[in-house]
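Overview (structure and organization)
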Amino acid sequence: MPQSRRLCPIGVKSLYDGDHQSPGVDTCVPETRKKLSGISISVLLVVAIGGLVFLAAGAVLLMSGYANFKNTTELVLNTAQASMEELEEDVTQHLRPAQELVEYLARQAADGNFDPAIKQETVLVLSGALAAAPQISRVAVWQPDGRELMLERDKAGKLIFEADPNQNLPALKRFLARIKAGGETTWNQPFRVANATLVTVVTPLYRGNQFLGAAGAAISLQELSALVGRVSKASGPNGFILYGSSHILAHRHLPSLSKSGLSEQNPLHEVAKLGDPVIDKFLTRPDGYSPPDKSFTVRDFDVGKKGYVVLSREFSEFGPVPWTLGLYSPRSNWDTQLSRLGRSIIGGLVLLMLAILAAFVLARRIAAPVRSTAQA
């Protein structure tokens with residue numbers, strides 16, 4: 001009589017095969033099932049949630065980082081441009097009164113209100129004009145024959161009148177001939193007289209077609225250096241003015257340099273005599289960055305172990321030889337804004353990574369009950 005087969009629950013199979021199973025032995029074992037292939041629910045949720053967080057937060061971080069970078073760089077450039085404009089404006093306001101003074105004398109002479117041949121009248125006119133411009137060191141008028149009347153300011157600020165009757169000096173005759181031929185206000189090259197180097201402006205004096213002589217005003221380099229020193233203290237960077245490419249016109253340390261090497265033929269110190277390594281290296285690095293409007297140039301270099309940023313602008317308003325206005329300061333003064341931007345970007349990246357990590361943990365937690373339900 002055939003032996004009855006034992007019934008096994010779902011998912012469990014019997015070892016009885018009808019032929020080889022021993023009588024009375026019927027064993028149930030778990031049924032082996034093939035694992036379905038596909039993407040894990042955990043991986044799917046991590047990719048979906050984490051990807052959305054990455055795209056959303058990453059896009060916001062990218063746009064805000066780009067906007068902040070543009071704003072920061074524009075702020076740095078605007079600060080640099082404002083500093084250069086301030087220096088140029090201060091220098092212009094310091095020198096312009098000298099030009100306005102001689103042009104005023106030219107107008108007075110043309111109107112018949114001023115004659116350099118009348119000594120008493122000349123003293124009164126020059127005294128009033130010089131009192132209104134304390135930065136002007138001296139003012140002088142020359143008659144056509146070379147006689148000079150001059151009013152200068154001493155170290156205490158007192159006005160001193162001098163008259164020089166010398167006539168027909170070859171150099172003075174050439175000077176007056178050049179002024180007469182030019183016919184307009186002219187800024188001359190710096191010259192040295194009475195132990196002082198001066199920047200001068202000269203204009204011819206006419207009444208109708210009659211040449212009455214010339215008038216000139218001078219500003220000392222010591223006054224110009226004092227101005228640059230005040231600008232440096234107010235804005236922070238160190239200011240300087242170069243004459244051409246090898247001589248120093250103004251620097252806060254210029255008044256303390258030895259005057260032994262100066263003369264009428266050599267009125268200016270060479271840059272090397274100043275002993276400023278930043279300016280020395282500035283002259284050897286002609287290449288630099290300029291903003292789109294080309295209003296100034298930025299040079300960034302190291303002197304020893306310290307970095308410096310030098311701003312410069314060529315200035316051709318006061319004479320045939322161009323001046324170079326410059327400001328320099330440690331690189332760290334300019335890195336503050338960029339460092340703050342870098343820290344904000346790093347902070348945003350850290351928050352983005354934390355958000356992705358949180359999305360990963362959340363996806364695993366959501367996947368756990370879904371997996372349990374699927375198994376059930």
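These remarks concern the structure in this document. What you see is a predicted model; the values in this text were computed from it and never measured.

1. Considerations on the side chain of Thr197
Structurally, Thr197 can be placed in strand S8 (residues 196-207). A polar contact is formed between the side chain of Thr197 and the backbone oxygen of Pro267, at a distance of 2.8 Å. Ignoring any residue separated from it by four or fewer positions in sequence, one finds Thr197 in contact with Pro190, Phe191, Arg192, Ile219, Ser220, Leu221, Leu262, Pro267 and Leu268.

2. Things to note about the packing of aromatic side chains
Per the counting criterion, the structure on display carries eight aromatic pairs. Judged by centre distance (5.7 Å) and plane angle (65°), the rings of Phe240 and Phe282 are edge-to-face. Of this pair, Phe240 sits in strand S10 (residues 238-243) while Phe282 sits in helix H6 (residues 277-284), and the two are 42 residues apart along the sequence. On the basis of relative accessible area, Phe282 is assigned to the buried category, the value being 7%.

3. Looking at the sheet that holds strand S12 (residues 269-270)
Read from one edge of the open sheet, six strands run S12-S11-S10-S15-S14-S13, paired in antiparallel fashion. Each having just a single partner strand, S12 and strand S13 (297-303) make up the two edges of the open sheet. As paired strands, S10 and strand S11 (residues 247-251) are joined by four bridges and run antiparallel to one another. Following the sheet pairing, Ile241 is matched in S11 by Ala250.

4. Quick look at the pattern of salt bridges
Close approach of charged atoms lets side chains of opposite charge pair. Summed over the entire model, instances satisfying the criterion amount to six salt bridges. A salt bridge links Arg138 to Glu152, with the nearest nitrogen and oxygen atoms 2.9 Å apart. Here the residue Arg138 occupies a position in strand S3 (residues 138-142), and Glu152 occupies one in strand S4 (residues 148-153), the gap between them amounting to 14 residues. According to the relative accessible area criterion, Glu152 is buried, its value standing at 15%. Between Arg331 and Asp300 there is a salt bridge; the shortest N-O distance is 2.8 Å.

5. Digging into helix H3 (residues 170-182)
Compared with an ideal rise of 1.5 Å per residue, which puts 13 residues at 18 Å, H3 spans 18 Å between its outermost C-alpha atoms and is within 8% of the ideal. By the burial criterion, the buried members of H3 are Leu172, Phe175, Leu176 and Ile179. For H3, the angular spread of the buried residues around the axis is 90°, confining them to a single face. Facing away from the buried side of H3, by more than 90 degrees, are the exposed residues Pro170, Arg174 and Ala181. In this structure, the buried residues of H3 make contact with S3, S8 and strand S9 (210-220). Within two residues after H3, Gly183 carries a phi angle of roughly 75°, on the positive side.

Cut-offs and rules
Residues numbered from 1 in each chain as written. Predicted model: local features only at pLDDT ≥ 70, side-chain atom pairs only at ≥ 80, totals over all residues. Heavy atoms only, no water. Helix = DSSP H or I, 4+ residues; strand = E, 2+ residues; numbered from the N terminus. Polar contact = N/O pair within 3.5 Å; in protein donor to acceptor, adjacent residues only side chain to side chain. Contact = heavy atoms within 4.5 Å. Phe/Tyr/Trp six-rings, centres within 6.5 Å; stacked < 30°, edge-to-face > 60°. Buried < 20%, exposed > 50% of the residue type's maximum accessible area, 1.4 Å probe, protein only. Pairing = 2+ DSSP bridges. Salt bridge = Lys/Arg side-chain N within 4 Å of Asp/Glu carboxyl O. Expected span 1.5 Å × (residues − 1). Arc of directions from axis to C-beta.

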